[in-house]
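Inside the fold
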Amino acid sequence: MIEFKHVSVSFKQHKQIFEAVNDAHFKIEKGEIFGIAGSSGAGKSTLLRTINLLQTVSSGEILVDGENVTNYRRTQLRILRRNIGMIFQHFNLARNLTVYQNIAFVLKAAGKSKAETETRVKELLDLVNLSEKSNSYPANLSGGEKQRVAIARALANDAKILLCDEPTSALDLETTSSILSLLKDLNKKFGITIVIITHELDVIKSICTRCAVMNKGSVVEIGDVYDIFTKPREDFTRQLLSHTSHFNLPEQIIDKMQGPIIRLTFKGDNANNPILYYAANTFQIGFNILLGKVEYINDLPLGILYVQLIGETEPLKLAIEFLAANTADLEVINHGL
Amino acid sequence: MDFDLKAALFLTFGQTMQMVISSLLAAIIIGGSIGLLLFLTSNTLFLKNRAINQIVGVIINITRSIPFLILLVLMIPVSKAIVHTSIGPNAVVIPLAVAAIAFLGRLSEASFSDVDNGVLEAAIASGASKLSIVLKILLPEALPSLIKNITVTAVSLIGFSAMAGTVGGGGIGDLAIRYGYQRYEPEVMFICVIVLVLLVQIFQVIGDSSAKKLDKTSK
Ligand SMILES: Nc1ncnc2c1ncn2[C@@H]1O[C@H](COP(=O)(O)OP(=O)(O)OP(=O)(O)O)[C@@H](O)[C@H]1O
Ligand SMILES: [Mg+2]
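Residues numbered from 1 in each chain as written. Chains lettered and ligands numbered in written order. Predicted model: local features only at pLDDT ≥ 70, side-chain atom pairs only at ≥ 80, totals over all residues. Heavy atoms only, no water.

If you check an unreviewed UniProt entry, chain B appears there as Methionine import system permease protein MetP from Acetobacterium wieringae. Regarding chain B, the relevant UniProt record gives this comment under Subcellular location (unreviewed entry): "Cell membrane". Under Sequence similarities (unreviewed entry), UniProt gives the following word-for-word description of chain B: "Belongs to the binding-protein-dependent transport system permease family. CysTW subfamily." (UniProt positions renumbered as here; feature names shortened; annotations may be inferred.)

Per an unreviewed UniProt entry, the recorded name for chain A is Methionine import ATP-binding protein MetN, and the organism is Acetobacterium wieringae. Note on chain A: under the UniProt heading Sequence similarities (unreviewed entry), the record states "Belongs to the ABC transporter superfamily."

Let's shift gears to the packing of helix H2 (residues 50–65) of chain B against helix H5 (residues 89–113) of chain B. All names here are of chain B. Here H2 crosses H5 at 125°, and the two axes come no closer than 9 Å. One way to sum up the angle between H2 and H5 is to call them oblique. In this structure, H2 meets H5 at a crossing whose hand is left-handed. Residue-level contacts link Gly57, Ile60, Asn61, Thr63 and Arg64 of H2 to Val98, Ala102, Phe103 and Arg106 of H5. Residues belonging to the contact of H2 with H5 are distributed by class as follows: four nonpolar, three polar and two charged. (Axes fitted to C-alpha atoms, helices over the stretch in contact; angles between N-to-C directions. Helix = DSSP H or I, 4+ residues; strand = E, 2+ residues; numbered from the N terminus. Parallel < 35°, antiparallel > 145°, perpendicular 65-115°, else oblique. Left-handed = near helix turned anticlockwise from the far one by under 90°. Contact = heavy atoms within 4.5 Å. Nonpolar A, V, L, I, M, F, W, Y, C, P; charged D, E, K, R; others polar.)

This next bit is on the site of ligand 1. All names here are of chain A. Around ligand 1, a shell composed of 13 residues is seen, among which Ser40, Gly41, Lys44, Ser45 and Thr46 lie nearest. One nitrogen or oxygen atom from the main chain of glycine 43 is found 2.9 Å from an oxygen atom belonging to ligand 1. Residue serine 45 places a side-chain N or O atom 2.7 Å away from an oxygen atom belonging to ligand 1. For ligand 1, whose unbound accessible area comes to 640 Å², protein coverage reaches 63%. Contributing elements (two or more residues each) for the shell around ligand 1: strand E1 (2–13), strand E2 (16–28) and helix H1 (44–51). Per element, the largest residue contribution to the shell around ligand 1 is three residues, and it comes from H1. (Near = heavy atom within 4 Å. Polar contact = N/O pair within 3.5 Å; in protein donor to acceptor, adjacent residues only side chain to side chain. Areas by Shrake-Rupley, 256 points an atom, 1.4 Å probe, with all protein chains shown as cover.)

Let us look at the sheet that holds strand E5 (residues 67–68) of chain A. What links the strands of a sheet is backbone hydrogen bonding, and the strands pair in either a parallel or an antiparallel sense. Residues and elements named next belong to chain A. Here four strands make up an open sheet; going across it, the order is E2-E1-E4-E5 and the pairing antiparallel. Every other strand in the sheet has two partners, leaving E2 and E5 as the edge strands with one partner each. Sheet analysis places E1 next to E2, joined by nine bridges and oriented antiparallel. Looking at the pairing, isoleucine 2 lines up with isoleucine 28 of E2. Across the sheet, H1 touches E1, E2 and strand E4 (59–64), and the angle it forms with E1 is around 120°. (Pairing = 2+ DSSP bridges.)

What follows deals with the sheet that holds strand E8 (residues 193–197) of chain A. Residue and element names in this part refer to chain A. The strand order E6-E7-E8-E3-E9-E10 describes an open sheet built from six strands, whose pairing is mixed. Edge positions in the sheet fall to strand E6 (84–88) and strand E10 (218–224), since each of these pairs with one other strand and no more. The sheet shows a mean angle of 15° between the axes of neighbouring strands, direction not considered. Pairing of strand E9 (residues 210–215) with E10 involves six bridges; the strand directions are antiparallel. When the sheet's bridge partners are listed, alanine 212 is paired in E10 with isoleucine 222. Relative to E8, helix H6 (residues 173–190) is tilted by about 155°, and along the sheet it contacts strand E3 (33–38), strand E7 (161–165) and E8.

Taken as a whole and judged by the stated rule, the model has ten salt bridges over all chains. Put simply, A:Glu123 and A:Arg120 hold a salt bridge, and the shortest N to O gap is 2.6 Å. Residue A:Glu123 and its partner A:Arg120 are both found in helix H4 (residues 114–127); the two are separated by three residues, about one turn of the helix. Put simply, B:Asp174 and B:Arg178 hold a salt bridge, and the shortest N to O gap is 3.0 Å. With B:Asp174 and B:Arg178 both in helix H8 (residues 172–182) and four residues apart, the pair spans about one turn of that helix. Given a relative accessible area of 10%, B:Asp174 falls into the buried group. Overlapping salt bridges bring together A:Asp202, A:Lys205, A:Lys293 and A:Glu295 as one network. (Salt bridge = Lys/Arg side-chain N within 4 Å of Asp/Glu carboxyl O. Buried < 20%, exposed > 50% of the residue type's maximum accessible area, 1.4 Å probe, protein only.)

For the rest of this paragraph, the subject is the packing of aromatic side chains. In this structure the tally under the stated criterion is seven aromatic pairs over all chains. Ring centres of B:Phe39 and B:Phe112 lie 6.1 Å apart, and the angle between their planes is 35°; this geometry places the pair in the tilted category. Separated by 73 residues along the polypeptide, B:Phe39 in helix H1 (residues 5–40) and B:Phe112 in helix H5 bring together distant segments of the chain. The class for B:Phe112 is buried, based on a relative accessible area of 3%. A network of ring pairs unites the aromatic residues A:Phe4, A:Phe26 and A:Phe34 as a single cluster. (Phe/Tyr/Trp six-rings, centres within 6.5 Å; stacked < 30°, edge-to-face > 60°.)

A word on the interface of chain B and chain A. Note: interface size is frequently given as the accessible area lost on complex formation between the parts. On the chain A side, the residues contacting the 25 residues of chain B number 23 residues. For the pairing of chain B and chain A, the buried interface totals around 2100 Å² over both sides, and the portion due to carbon and sulfur atoms is 60%. On the chain B side of the interface with chain A, the three residues burying the most area are B:Ala125, B:Glu141 and B:Lys216, jointly 25% of the side's total. For the interface between chain B and chain A, the tally reads one salt bridge. Counting across the interface, chain B meets chain A through seven residue pairs in polar contact (both at pLDDT 80 or more). For the side of chain B that touches chain A, the elements supplying multiple residues, two or more each, are helix H6 (117–125) and helix H7 (130–169) of chain B. Looking at side-chain class alone, the side of chain B that touches chain A contains eleven nonpolar, seven polar and seven charged residues. (Buried area = accessible area lost by both parts, 1.4 Å probe.)

Below you can see the structure in the form of C-alpha cells.
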C-alpha cells in the first residue's frame, strides 16, 4: 500500500546538511494500523509527510498502491492528496469557518457540486457523531470534537489512507481513547490504512498492529507491536519502553527481601495458565507476589509478575529452571541464595 | 465671520472624504495584493520566491521611509501626468494612495503571515488548489486582522489628507490652516479638529465592530 524505498530527507541548515530521515526502507500494508514511535526530533513527522509529498525526499522513492508518486506534481499530486487524509496534533481547522464549511471546503475543492457536498457533509458528521455541531465554529468545540471534525474532513473525499501526526497528544486520556476507538472503527468499517505517529506508546499498544521505532532519523526496529513491546531487539527500543512502563520494584524493597526475587513475563496463551502455582506445588516451595499486572497489547495479554520465592536452595533452582522454561521470560532480580 | 463656514465645511469635508476613500480603495486593492504577493512569495507552501519577495519588499520599504511631505512634492509630476493637475484633492490622491498602498502592503502581509500555517498545510494536504486555498481559507482567516489594518490605514490617511491640505490639497485640513491658522480664527480651527476627530472615531468604530463580527476565534 505504502512503500518507502531507501527514503532519505535532508535539510540544509547553516551550511550544514542535516539528515532528518535516513534510508527508510519498509512497507505499510493495506488495511493495517501502523504506528511510528520515537523520541522528539527522530524524524517521524518528516517521514510521515513524505507520503503525501508535503515533504519532498532528497533520495529514494515513495510508492502508493504500487505507483511511484515521488515525482507527482500539480493535478496528479492533488488527486493523490485527496485520497490521503491527514490529521494533526492541533487539529488545524480554519477558525473562521464553521464545522460545515471546513468539511465542505475540501469537497468543493475536489469539484463536488453543492448538493453532493451537502449530503456528504451530513453523512460525515453522522459518522463522527457531530451532526448537531454543523454550524458551530471550532472555538466552541472541545479538543475531541475538533479532532472528529478534522477526521471527517480528512476522509471527505473517500480517502483510503489516513495519516495521523500525534492525533491525541493534545487530548486528555478519556478523549484520547474515544478518538482511538473512532480510528479503529473507521479502519474496520472502511478498510482505511492508518499511519499514526505518536510519542505515547499506549496509543500504539492500543490500536496498532505493527509499528516502526525511529531514532535520529533511522528506523531502528520494525515489526508486530506485540513482539516489539514484549521482546524489543534494540537497545533504543528498550530505552523508549522503559520511559513509559514504570513498572519496576523499588530498590529498597529488593534489598530488604530474603530469598530470590524473579521477574516473570507471560505472553499470549501462557498468560492464562497457573504456572506459578504448579511450580510451587511440584517443588514444594512458597511464593510471594510482590507486584503484578496484565495489560493487553493489540488484544493479546502481556503479564508481568515480580515474585519472591521461599524454600531450600535445590528446589528453588529447579523451580526457577521450570519457570524459565514455561514463561516468556524470567529474570532473576535478586539471587538471595 | 466673513465667509459661509457651513458651506466651506461641507465642501472641504467632501474633499477629505474623496481623498481618503479613493486612496483607501487603492490601498485595499493594490496594497492588499502586494501584501498577498509578499506573503505567497515568502511561504514554501505557496510560491516561495526570494527574488520577487525581496525586490517588492525593498520597493515598499523605500516608499515607506520617505516622509509624507516629501512624497507629496516628489509626486507632483506623477499627479500632473495622471490627473493633469498638481493642486487640489484630485492631485493629492496620488501621493496619498502611494503612501497608503505601501503602508497597507506591509500590514496586510503581516495579517496573512499571522494565519496559522498548520491550517494552510491541512488545506494543501487535502489536495485543494492553491487558488481555492487563498480565496476560501487564507482570506477568511486573515480577514479580521486585515480589517483592523485597513482601519489603521484609514485613520492615518485622515491625518495625511489634512497634511496634504497644507500644500493646496483641499479638505478639512486645508480649511483649518487657511482660516484657523493663517487668518487666526480659532473657532474654525476648533470645528475642523472636531470634525477630524469624529471622522477618525467613525472609521475606528466601524472597523473594530466589523473585525470583531468576522472573528470567530474566541467563544
Ligand atoms: N523544514 C525543516 N528545515 C530544517 N530542519 C527541519 C525541518 N523539518 C524538520 N527539521 C528537523 O528534522 C528533525 C526531525 O523533525 P521531525 O519533525 O520529523 O521530528 P519528530 O520525530 O516528528 O519530532 P516530534 O516528536 O518533536 O514532532 C528535527 O531535528 C527538525 O529540527
Ligand atoms: Mg512531529
